[in-house]
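What follows is each chain in one-letter form.
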Amino acid sequence: MKKYSRLAIVLVVVALIGAAVVLGGIHQVPEGFIGVTYFLGRLSGDLVPPGIGVHIPFVESVDAIDVREQVFAEKLQCYTRDTQTVEEFSIKLNYIYERGQLQDLIRTVGIYNVAPNIITPLVHTICKNETGKYRAEDLISQRATIQASIQEALFERLMPYGIRVVSFAVENIEFEDTFEASIRAKVQAEQEALRARNKTLEIEELARQEVISAEATAQAKILNADAEAHAIRVIQEELARSEHYVNYMMIEKWDGTLPQVMGNTVNPFLNLGTMASGGIVP
């Protein structure tokens, strides 16, 4: 009885060891990660794609590396060319690992040392160098230019490590309170000056339009006067040529209505005599 009990225990132990060996040789790489194989602690072989796979237990191991887009955010303190203090220079860097250089990056730097040993010192150095090229006021007005120059510098410095910059953004710039107050006052003064200039231009434009309108009115009067003068000259010429032209002009302007009082001197068209026998005697 004891013999069978010992055999059972041995079988159970062997089964457990076998299960441990089998399970120890299975690895799982999540989606968005890439597997890196170590043979007795040294990098070896190709990268392992996402999914379930097997390896030699106790000899090989597979480490899953996150190869999705990485985000590095930082708040720095910088100084401008005119020695103004930037209390908060907030940036955000997005980057990814180039898979062809991933194993070299792991060997030389270590994947978990990328942010503290490479990204952080480079970001600090480049950002401080770039902000030091500008006056404080220009740092705000030329923010997009500074952002682009920092991104370009980071791209050039990180690419040799197999780290590719996807995007870079300067999210916030904050100066000392006293300087920000002076900046706001200056901006307000410039806006008021701009409004004043616009108002002056508006008044000048209105005055110009009034001059144009007055000139047009004067020109119209001149044309009307010329037309009337020409008409008078024509009438005078006609009067000089024909004595009946006056009668013609009077007939042209007559509306056909006879005057209420008739006599020899009232109607300019007819010389009326006395009424006799129901008719008009000239």
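Notes on the structure in this doc start here. (Residues numbered from 1 in each chain as written. Predicted model: local features only at pLDDT ≥ 70, side-chain atom pairs only at ≥ 80, totals over all residues. Heavy atoms only, no water.)

1. So, a nonpolar patch on the surface
On the surface, a nonpolar cluster with roughly 340 Å² of combined accessible area is contributed by Ile26, Ile52 and Val54. Note on placement: Ile26 falls in strand E1 (residues 26–29). (Patch = residues over 30% accessible without salt bridge, like charges linked within 9 Å, V, L, I, M, F, W, Y side chains within 5 Å. Areas by Shrake-Rupley, 256 points an atom, 1.4 Å probe, with all protein chains shown as cover. Salt bridge = Lys/Arg side-chain N within 4 Å of Asp/Glu carboxyl O. Helix = DSSP H or I, 4+ residues; strand = E, 2+ residues; numbered from the N terminus.)

2. Overview of the nonpolar core
If you look at the biggest cluster of nonpolar residues, it comprises 42 residues, and the most contacted ones within it are Phe89, Leu93, Ile119, Val123, Leu154, Leu158 and Ile163. Every element with two or more residues in this core is listed here: strand E2 (33–39), strand E6 (70–79), strand E7 (85–97), helix H2 (102–108), helix H3 (114–131), helix H4 (136–141), helix H5 (143–158) and strand E8 (163–175). Of all the elements, H3 adds the most residues to this core, at 7 residues. Ignoring any residue separated from it by four or fewer positions in sequence, one finds Val123 in contact with Phe72, Leu76, Ile91, Leu93 and Leu154. (Core = buried A, V, L, I, M, F, W, Y, C linked by side-chain atoms within 4.5 Å. Buried < 20%, exposed > 50% of the residue type's maximum accessible area, 1.4 Å probe, protein only. Contact = heavy atoms within 4.5 Å.)

3. Considerations on the packing of H3 against H5
Closest axis-to-axis distance for the H3/H5 pair is 10 Å, and the angle between their directions is 140 degrees. Taken together, the axes of H3 and H5 are oblique relative to one another. Along this stretch, H3 crosses H5, giving a crossing that reads as right-handed. Mapping the contact onto sequence places Ile118, Ile119, Leu122, Val123, Ile126, Cys127 and Glu130 in H3 and Ile146, Ser149, Ile150, Ala153, Leu154, Arg157 and Leu158 in H5. Taken together, the residues of the contact of H3 with H5 break down into 11 nonpolar, 1 polar and 2 charged. (Axes fitted to C-alpha atoms, helices over the stretch in contact; angles between N-to-C directions. Parallel < 35°, antiparallel > 145°, perpendicular 65-115°, else oblique. Left-handed = near helix turned anticlockwise from the far one by under 90°. Nonpolar A, V, L, I, M, F, W, Y, C, P; charged D, E, K, R; others polar.)

4. A look at the pairing of E6
Examined bridge by bridge, E6 and E7 share 9 bridges and lie antiparallel to one another. Opposite Glu74, over in E7, you have Ile91 as the bridge partner. Count of turn residues in the E6/E7 antiparallel hairpin: 5 residues, of which Thr83 carries a positive phi of about 60 degrees. (Pairing = 2+ DSSP bridges.)

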